[in-house]
Amino acid sequence: MAEKLSETERETALSELQETGWSLDADRDAISKEFKFSNFVSAFGWMSQVAMVAEKMNHHPEWSNVYNNVSVTLTTHDAEGLTELDLKLARRMDKLAG
Ligand SMILES: C[C@H](O)[C@H](O)[C@H]1CNC2=NC(N)=NC(=O)C2=N1
């Protein structure tokens with residue numbers, strides 16, 4: 001099982017991820033981001049790609065979609081906080097969003 005990030009690991013990762021629009025929800029030890037697309041089909045296409053990646057990783061996002069907007073929160077339920085898996089999925093999401 002993935003281990004919770006150390007304080008240093010968390011800070012290093014956050015300073016990188018904040019540059020692409022992720023923010024920390026300190027209460028939940030989770031990271032969140034709003035992804036905006038040009039329309040619903042682009043948003044849902046991206047969600048489909050991410051779903052395949054998430055299933056392969058066995059690490060799943062909390063997300064909701066309204067038209068061209070997808071709100072994402074990542075945390076590791078099993079560890080009750082942020083782990084390397086959340087960082088990995090966040091980076092994959094950014095990459096797939098282009
Ligand atoms: C049994 C299964 O491995 C677990 O429930 C997985 C599935 N997907 C998961 N996704 C997330 N985000 N956190 C988890 O702890 C988690 N655990």
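Our structure's up above, just so we're on the same page.
Residues numbered from 1 in each chain as written. Predicted model: local features only at pLDDT ≥ 70, side-chain atom pairs only at ≥ 80, totals over all residues. Heavy atoms only, no water.

### Digging into the pairing of strand E3 (residues 62-66)
Stage number 1. Looking at chain direction, E3 and strand E4 (residues 69-74) are connected through five bridges and run antiparallel. From the neighbouring strand, Val 66 faces E4, where its bridge partner is Asn 69.
Stage number 2. Adjacent in sequence and paired antiparallel, E3 and E4 are bridged by two residues, among which Tyr 67 carries a positive phi angle near 50°. (Pairing = 2+ DSSP bridges. Helix = DSSP H or I, 4+ residues; strand = E, 2+ residues; numbered from the N terminus.)

### Concerning the sheet that holds strand E2 (residues 30-36)
Sheets are built from strands that pair by backbone hydrogen bonding, the pairs being arranged parallel or antiparallel.
Stage number 1. On the basis of which strands lie adjacent, the open sheet formed by four strands has the order E1-E2-E4-E3 and antiparallel pairing. Single-partner strands in this sheet number two, and they are strand E1 (23-25) and E3. Ignoring which end each strand starts from, the neighbouring axes of this sheet average 20° apart.
Stage number 2. Pairing between E2 and E4: six bridges, direction antiparallel. Considered in E4, the bridge of Lys 36 is made with Asn 69.
Stage number 3. Sitting on the sheet, helix H3 (residues 84-97) touches E2, E3 and E4, and the angle it makes with E2 is about 10°. (Axes fitted to C-alpha atoms, helices over the stretch in contact; angles between N-to-C directions. Contact = heavy atoms within 4.5 Å.)

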